[in-house]
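Inside the fold
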Amino acid sequence: LSEGQGLDLFWYLYGVYWSVTAMFSGASFLQPMNSLEAAFSLTFVVFGMLFGSTLISSVAAMLVDFQMLKRNRLEKMRTLRKFLQQHKVQPLLAVNIQDQVLDRMTAE
């Protein structure tokens, strides 16, 4: 690369580095001084961004799975209560059955 092209590459990489760090980390404290430093810094900022977004999406997926499991469990217990009421099971026995089912569902 000629001197002019190298300087253009530096300013281009510097601009991309500044925009990415400003968008994701709020600021960049150490400024790159040449094209190699700018490319190196930009690479680590992009990897940090990917790691952070992957971590956040994994936590969000776990929360959604937990909510679905909880909703499924509540729906099954509601169905059981309805069944016990329709078949006129004695209240004390119905409570014992519900407790037993709930204990077994939480053990899974």
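Okay, so let's go over this structure. (Residues numbered from 1 in each chain as written. Predicted model: local features only at pLDDT ≥ 70, side-chain atom pairs only at ≥ 80, totals over all residues. Heavy atoms only, no water.)

Concerning the packing of helix α2 (residues 35-86) against helix α3 (residues 91-107)
Definition in use: To get an axis, fit a line to the C-alpha atoms, keeping to the stretch in contact for a helix; angles then go from 0 to 180 degrees between the N-to-C directions. Secondary structure is summarised from DSSP: a helix means a run of H or I of at least four residues, a strand means a run of E of at least two, and numbering begins at the N terminus for each. Any angle from 65 to 115 degrees is called roughly perpendicular, while one under 35 is roughly parallel, one over 145 is roughly antiparallel, and all others are oblique. The crossing is said to be left-handed when, going from far helix to near helix, the turn is anticlockwise and less than a right angle, and right-handed when the turn is clockwise. Two residues form a contact once any of their heavy atoms are found within 4.5 Å. Residues are grouped as follows: nonpolar covers Ala, Val, Leu, Ile, Met, Phe, Trp, Tyr, Cys and Pro; charged covers Asp, Glu, Lys and Arg; every other residue, Gly included, is treated as polar.
The contact between α2 and α3 brings their axes to 11 Å, and the two run at 160 degrees. Between α2 and α3, the angle falls in the class roughly antiparallel. Considering only the axes of α2 and α3, their crossing is right-handed. Facing R73, K76, M77, L80, R81 and L84 of α2, the residues of α3 in contact are A94, I97, Q98, V101, L102, M105 and T106. The residue inventory of the contact of α2 with α3, partitioned by class, reads eight nonpolar, two polar and three charged.

Quick word on the environment of L13
Which entries qualify depends on this criterion: Only protein chains enter the accessibility calculation, which uses a 1.4 Å probe; a residue whose area is less than 20% of its type maximum is buried, one above 50% is exposed, and one in between is partly exposed.
On the secondary structure map, L13 appears in helix α1 (residues 3-24). When its relative accessible area of 14% is taken as the criterion, L13 is described as buried. Each residue touching L13, except ones within four places of it in the same chain, is listed here: S35, A38, A39 and L42.

Looking at the packing of aromatic side chains
Our working definition: A pair of Phe, Tyr and Trp rings is counted when the ring centres sit within 6.5 Å of each other, with Trp represented by its six-membered ring. The angle between the planes then sorts it: under 30 degrees is stacked, over 60 is edge-to-face, the rest tilted.
Per the stated rule, a full pass over the model turns up three aromatic pairs. Measuring from centroid to centroid gives 5.7 Å for F10 and Y14, while their planes differ by 35 degrees, and the two rings are tilted. Highlighted residues: F10 and Y14, both in helix α1, separated by four residues, approximately one helical turn. One aromatic cluster is present, built from ring pairs that chain together F10, W11 and Y14.

Considerations on the side chain of Q98
Of note, Q98 is situated in helix α3. Take Q98: its relative accessible area is 17%, and that puts it in the buried class. Sequence-distant contacts of Q98, defined by excluding residues within four places in its chain, comprise M77, L80, R81 and L84.

Function-wise, these values are silent; they only describe arrangement.
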